[in-house]
Amino acid sequence: MDPLYLIAIAVAVGFILVMSLVKRYKRCPSDKILVVYGNTGGSSAKCIHGGGAFIWPVIQDYAFLSLTPISIEANLTNALSRQNIRVDVPCRFTVGISTESDSMNNAAERLLGQSSDQIQELARDILFGQLRLVIATMSIEEINSDRDKFLDNISKNVEAELKKIGLKLINVNVTDIKDESGYIEALGKEAAAKAINEAKVSVAEQDKIGEIGRAEAERDTRVKTSAANAIAVQGENTAKITIANSDAARREKEAEAMKIAMTAEKVQQARALQEAYAAEQQAEQARAERERSTQQANVIVPEEIEKQRRIIEAQAEAEKIRENAKGQADAIFVKMDAEAKGLYQILTKQAEGYEKMVKAAGGDPQSAYQLLLIEKLPELVKTQVEAIKNIKIDKITVWDNLGGQGVQDGNTTTAGFISGLMKSVPPLGDLFNQAGMNLPDYLGTKIDTGKTKEIPQKPKEEENKVKKEEKPAPGK
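Computed from a predicted structure; not experimentally measured.

## Brief notes about the sheet that holds strand E3 (residues 45-48)
Here is step 1: Judged by pairing direction, the sheet is antiparallel, and its three strands sit side by side in the order E3-E2-E5 without closing on themselves. For this open sheet the edge positions go to E3 and strand E5 (60-66), each flanked by a neighbour on one side alone. The sheet shows a mean angle of 25 degrees between the axes of neighbouring strands, direction not considered.
Here is step 2: Of the strands in this sheet, strand E2 (32-38), E3 and E5 are in contact with helix H2 (residues 101-110), which crosses E3 at around 125 degrees.

## Here we look at the pairing of E2
Here is step 1: Alignment of E2 against E5, held across seven bridges, turns out to be antiparallel. Each residue of the ladder has a partner; that of Ile33, found in E5, is Leu65.
Here is step 2: Bridge count for E2 against E3 is four bridges, and the pairing is antiparallel. Paired with Leu34 across the two strands is Ile48, which belongs to E3.
Here is step 3: Count of turn residues in the E2/E3 antiparallel hairpin: six residues, of which Gly41 carries a positive phi of about 85 degrees.

## Section: the pattern of salt bridges
Here is step 1: The final tally for this structure, using the stated rule, is 17 salt bridges.
Here is step 2: The residue Glu313 makes a salt bridge to Arg309 at a minimum N-O spacing of 2.3 Å. In this pair, Glu313 and Arg309 both sit in helix H6 (residues 183-360), four residues apart, roughly one turn of the helix.
Here is step 3: The exposure class assigned to Glu313 is partly exposed, which follows from its relative accessible area of 43%.
Here is step 4: Arg309 sits in the partly exposed class, given a relative accessible area of 36%.
Here is step 5: Here the salt bridges share partners, and the residues they tie into one network are Glu306, Arg309, Arg310 and Glu313.

## Details of the pairing of strand E6 (residues 70-80)
Here is step 1: Bridge analysis of E6 against strand E7 (residues 86-97) gives nine bridges, and the strand direction is antiparallel. The residue of E7 that forms the bridge with Ser71 is Thr94.
Here is step 2: Hairpin remark: E6 followed by E7, antiparallel, with five residues in the connecting loop; positive phi at Asn84, about 60 degrees.

## Quick look at the nonpolar core
Here is step 1: Counting 42 residues, the largest nonpolar core has Ile135, Phe150 and Leu162 as its most contacted members.
Here is step 2: If one sorts the elements of this core by residue count, helix H3 (residues 116-136) sits on top with seven residues.
Here is step 3: For Leu162, the contacting residues outside a window of four places in its chain are Val95, Ala123, Ile126, Leu127, Leu167, Lys168 and Leu169.
Here is step 4: Grouped together as the second largest cluster of nonpolar side chains are six residues, Leu34, Val36, Ile48 and Ile55 included.

## With respect to the packing of aromatic side chains
Here is step 1: Inspection of every chain in the model, using the stated rule, returns two aromatic pairs.
Here is step 2: Relative to Phe64, the ring of Tyr62 lies with its centre 5.8 Å away and its plane at 80 degrees, an arrangement referred to as edge-to-face.
Here is step 3: For Tyr62, a relative accessible area of 27% gives the class partly exposed.
Here is step 4: With a relative accessible area of 35%, Phe64 lands in the partly exposed category.

## Regarding a nonpolar patch on the surface
Here is step 1: A surface patch of nonpolar side chains, amounting to about 380 Å² of accessible area, comprises Tyr5, Leu6, Ile9 and Val13.
Here is step 2: Structurally, Tyr5 is set in helix H1 (residues 3-23).

Quick notes on the rules
Residues numbered from 1 in each chain as written. Predicted model: local features only at pLDDT ≥ 70, side-chain atom pairs only at ≥ 80, totals over all residues. Heavy atoms only, no water. Pairing = 2+ DSSP bridges. Helix = DSSP H or I, 4+ residues; strand = E, 2+ residues; numbered from the N terminus. Axes fitted to C-alpha atoms, helices over the stretch in contact; angles between N-to-C directions. Contact = heavy atoms within 4.5 Å. Salt bridge = Lys/Arg side-chain N within 4 Å of Asp/Glu carboxyl O. Buried < 20%, exposed > 50% of the residue type's maximum accessible area, 1.4 Å probe, protein only. Core = buried A, V, L, I, M, F, W, Y, C linked by side-chain atoms within 4.5 Å. Phe/Tyr/Trp six-rings, centres within 6.5 Å; stacked < 30°, edge-to-face > 60°. Patch = residues over 30% accessible without salt bridge, like charges linked within 9 Å, V, L, I, M, F, W, Y side chains within 5 Å. Areas by Shrake-Rupley, 256 points an atom, 1.4 Å probe, with all protein chains shown as cover.

The structure is reproduced here in structure tokens:
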């Protein structure tokens, strides 16, 4: 088997054993007595008040006795006194278990396991018996008048008997004692009458002494009153003089004090006004400073802020313009650089093409130029056609000569107009001449007749006549 397993089992067993032993140690509360019984070393029980004790298992056991006081009412009736007079003695006893070593052992032997009612009943029997015994040894006068002796006798007799069962007398309270024959009541009446008579004699004696004393007091009063009156008159006069002097001094002092008070009051008023004026001046200065600060805060500070804002906005706008200009300049530079590079590439390619064209023309630049122009000829013709293509003529009025007048080169005026319109377009031959070349023969040659005919002008009257004839009549 694993040694660690054995060690764990041993530790567990040891722990359980220690806990069991710890639980066997019993502590005694202050209001109880711990009674250990069983094998206690020869005695019937071992009593412990306070502290604690270890209770051995199997051979010992324990129990508790309560120290709570027990109140017992013992209303004794028809108890026979030494004078053979039966009396009623209502009493209330307070008893409890004693903490003396002998008494604790007696309580353990006789009261252990009994309830509080059983202990109270047992103690009541003992108290009744001892109370009857004490009353039988005393007379009615002793019981009624000497209560201390009566209670002392009860305590001595009762404690000795209660100790036998482990109890202790804590308190005795005896209320009114009564008897059947009325002896105690008669003793009370006798004592009351005696006290009344003694009181009356004492009152009469005191009245006599009072009358004598009153007469002597009146005599002394008159003598002393006269002397006192004389002394009083003298004292009154002296007092009046003293009062007059005192009044004069008082008035003088009051006047002086009033003068000082008025002076001080005026000084204080002037000082108060001065301080008030100074305070008002300071307040006005503070108000002016506050107004100045307010105006500065409301006007100058916003203006300064607006000025700074405008400066910042202007700087920002200038910076923006500079950045935009810089950007536009950079864009223009980039665009122009790209266009220049593109143009350079185009011109480079054109130059290379022209060079190859010249080589193809046998090294003759003029032939290469004519070939290039021939290549562009369709575009030139298209351009001539486009020149009159988009001309919009809403109405053409032609005044042709009647009778065949105005015919030029066998053409009528209308044909001449069309021919002139076509001559407004530059002929191909002129274009070639302007370019420094001659139009090839297969494209036609220019015929110069050397004749220039003028078209006769119509008289204005004939023109007006023709216009009137062509003008439609109203309503047609």
